[in-house]
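# Chains, contacts and geometry: an overview
Chain residues, written in single-letter form:
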Amino acid sequence: MILYITVAAVTALLAGLVDNHPTRQSYKLTRQQLCNRVCLTAIFAILFLLSACRLNVGNDYARYVEFMHLVNCDAYVPTEVGFNLLVKLVYGLSGYENFLLVFAFYSFVTVLFFLLAMYEQSDEFGLAFFLFMTLGYYFQTFSTVRYYLALAVALYSMKFVLRRQWGRFVVLVLLGSAFHKSLLVVIPLYFLASLAWKKWQLAIAALFCTTFLFLQDYYLKLVVILYPTYEDTEYLEGGTSYISILRCAAVLVFAGIVYRMRRPEDGAKKQNGAEERLPEETLWNRRFWFYFYLNLGALILYVFCSFLPIISRIGYYLMVSQILFLPMLLRAVPDRKWRRLFRVGILLAALLYFAMYLRKGANDGVLILPYRTFFFHEMVDILSDVT
């Protein structure tokens, strides 16, 4: 636990030195740009090495080693083609079952996409990265490695949605779905969140949500079609997360407060007695409502769709936007005192969440504690070794 706290603190301090909107000078590398490169490289190296050097750390580490072994033996495994091809390639080049290198690949790509997404899209990289660490996103990459690679791709793909670059968005999602097919769900969900919803359309959507209360068996059949291995297993048991509901509700309330506090003239200019919106204001509103609808969608899913076994995966594709949304909202608060107060509240809430997360780090379903590395430990026997 001390190791994780130290890593989170050190990387968060380094992230605080990063300015992801630096002043640029033609043909000259500024001091801030150099600082950004050094700090980002250090952050990436720390996070990548901590993840890549782990051994049997994560809820399903041993299960993934078993899957890799079965893939290498040409046996059936319920994993996607990208995962299977990667295992075949790594094991073939290594000449043995080098599962450590497969995990290292996932660590490299996942951390890279998360950092790129925060650096390119956040209003304040330091705060976005702090939330990334304290809300448990990084440490959860130790488990369900396929899903968290897809989650990193989903976060990065949001910039293409906001730019209306649908071709690039779809191509990126399709590539990511080769490693976890649940990523495909973001194509309709992100598209719906990007629309300019009218009140009557929201009313129809609210009526549609009531179908989740009366047609649960139908929706469960759809889940079985997508995940046939779930049929007649405990995986079809639903459940919800009250912490996620609370997080989404709190973010939506904060968004509503900031939207009301934000002065209309912020981002507008007077011209010939008429008010003309600037492109920056249009972009701000587009981002605001996109992130807002993502969190509203997550809240609806957690409240009305708790019977679905994959609710947490779908919800996280929507909730991950919070690490971009909160810095954006905080920057938009016009009053400095209120901004400081909200910042303190966000930081304290994130630290409390981090403490709660680490407290259950050794529990089943998390298992990121204790930390082990292949330098000092041996891999435990997998199922194929004992049967």
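Residues numbered from 1 in each chain as written. Predicted model: local features only at pLDDT ≥ 70, side-chain atom pairs only at ≥ 80, totals over all residues. Heavy atoms only, no water.

## Here's the deal with the packing of helix 17 (residues 322-332) against helix 18 (residues 336-359)
To keep it simple, the criterion reads: Axis angles are defined between N-to-C directions and span 0 to 180 degrees, where every axis is a line fitted to C-alpha atoms and, for a helix, only to the segment in contact. Runs of E in the DSSP output that reach at least two residues are strands. Runs of H or I that reach at least four are helices, and both are numbered from the N terminus. Working definition: roughly parallel below 35 degrees, roughly antiparallel above 145 degrees, roughly perpendicular at 65 to 115 degrees, and oblique for all remaining angles. Crossing chirality is assigned from the near helix's rotation relative to the far helix, an anticlockwise turn below a right angle marking it left-handed and a clockwise turn marking it right-handed. Residue contacts are counted whenever heavy atoms from the two residues lie within 4.5 Å of one another. In this classification, Asp, Glu, Lys and Arg are treated as charged, Ala, Val, Leu, Ile, Met, Phe, Trp, Tyr, Cys and Pro as nonpolar, and every other residue, Gly included, as polar.
Packing of helix 17 against helix 18 brings their axes to within 9 Å, and their N-to-C directions diverge by 160°. By the angle class used here, helix 17 and helix 18 are roughly antiparallel. Crossing of helix 17 against helix 18: the hand is right-handed. Listed contacts from helix 18 to Leu326, Leu330 and Arg331 of helix 17 are Arg339, Phe342, Arg343 and Ile346. In terms of residue class, the contact of helix 17 with helix 18 is made up of four nonpolar, no polar and three charged.

## Comments concerning helix 4 (residues 81-94)
The following threshold applies: Here the expected length of a helix is defined as 1.5 Å per residue gap, with one fewer gap than residues. Accessibility here uses a 1.4 Å probe with only protein chains present; expressed as a share of the type maximum, an area under 20% marks a residue as buried, one over 50% as exposed, and anything in between as partly exposed.
The end-to-end C-alpha distance of helix 4 is 20 Å, a good match for the 20 Å that 14 residues give at a rise of 1.5 Å each. Those residues of helix 4 that sit buried are Gly82, Phe83, Asn84, Leu86, Val87, Val90 and Tyr91. The elements touched by buried residues of helix 4 are helix 3 (61-72), helix 5 (99-121) and helix 8 (145-162).

## A look at the packing of helix 2 (residues 31-52) against helix 6 (residues 125-134)
Two elements in contact, helix 2 and helix 6, have axes whose closest approach is 14 Å; the angle formed by their N-to-C orientations is 5°. Relative to helix 6, helix 2 is oriented roughly parallel. Side by side, helix 2 and helix 6 meet where Leu40, Ile43 and Leu47 of the first sit next to Phe125, Phe129, Phe132 and Met133 of the second. For the contact of helix 2 with helix 6, the class distribution of residues is seven nonpolar, no polar and no charged.

## Observations regarding the nonpolar core
Here is the rule: What is meant by a nonpolar core is a set of buried Ala, Val, Leu, Ile, Met, Phe, Trp, Tyr and Cys residues, joined one to another through side-chain atoms within 4.5 Å.
Core analysis: the largest hydrophobic core is formed by 129 residues, its most contacted members being Phe129, Phe132, Tyr137, Phe139, Tyr190, Ile323 and Ile368. Of all the elements, helix 8 adds the most residues to this core, at 15 residues. The contacts of Ile368, once residues within four sequence positions are left out, are Tyr4, Val57, Gly58, Phe139, Phe142, Tyr357, Leu358 and Gly361.

## Section: empty space enclosed by the protein
The following threshold applies: Points on a 1 Å grid, built from protein atoms alone, make a cavity when a 1.4 Å probe fits but cannot get out and make a pocket when they are open with protein on both sides within 12 Å along at least 5 of 7 lines; residues with an atom within 4 Å of a point are the lining residues. Grid points are joined across faces, edges and corners, and a volume is the space filled by probe spheres set on the points.
As enumerated under the stated definition, the model contains one cavity of 30 Å³ or more in all. Roughly 50 Å³ of internal volume is contained in the largest cavity. Lining the largest cavity, in full, are Ser51, Arg54, Tyr106, Ser107, Thr110, Val111, Thr141 and Val145. Across the lining of the largest cavity, the residue classes tally to three nonpolar, four polar and one charged.

## Things to note about the pattern of salt bridges
For clarity, the threshold we go by: A carboxyl oxygen of Asp or Glu within 4 Å of a side-chain nitrogen of Lys or Arg is what we treat as a salt bridge.
Within this structure, the stated rule accounts for seven salt bridges. Asp74 is paired through a salt bridge with Lys88; the nearest N and O atoms lie 2.4 Å apart. In this pair, Asp74 sits in the loop between helix 3 and helix 4 while Lys88 sits in helix 4, placing the two residues 14 residues apart along the sequence. A salt bridge links Asp123 to Arg287; its shortest N-O distance comes to 2.7 Å. With Asp123 in the loop between helix 5 and helix 6 and Arg287 in helix 15 (residues 279-304), the pair connects residues that are 164 residues apart, well separated along the chain. Linked through salt bridges whose partners overlap, the residues forming this network are Asp123, Arg287 and Arg331.

## Here we look at helix 2
Under the 1.5 Å per step criterion, the end-to-end length of helix 2 is 31 Å for 22 residues, consistent within 8% with the ideal 32 Å. The complete set of buried residues in helix 2 reads Gln33, Asn36, Cys39, Ile43, Phe44, Leu47, Phe48, Leu50, Ser51 and Ala52. On its buried face, helix 2 sits against helix 1 (2-16), helix 5, helix 6 and helix 7 (137-140).

## Quick notes on the environment of Ser177
One can find Ser177 in helix 9 (residues 166-177). Take Ser177: its relative accessible area is 12%, and that puts it in the buried class. A C-alpha to C-alpha distance of 12 Å links Ser177 and Ser157, two positions 20 residues apart in sequence.

## What about the environment of Phe83?
Position of Phe83 relative to the elements: it lies in helix 4. Residues in contact with Phe83, not counting those within four places in the same chain, are Tyr64, Phe67, Met68, Val71, Tyr106, Arg146, Ala178 and Phe179.

## Some words on the confidence of the model for the protein chain
Threshold: pLDDT expresses how confident the predictor is about each individual residue, on a scale running from 0 to 100.
Overall, the predicted model of the protein chain reaches an average pLDDT of 89, with 90% of residues at or above 70. Counting interchain partners and residues more than four positions distant, the pLDDT-below-50 stretch residues 265-276 has 14 contacts.

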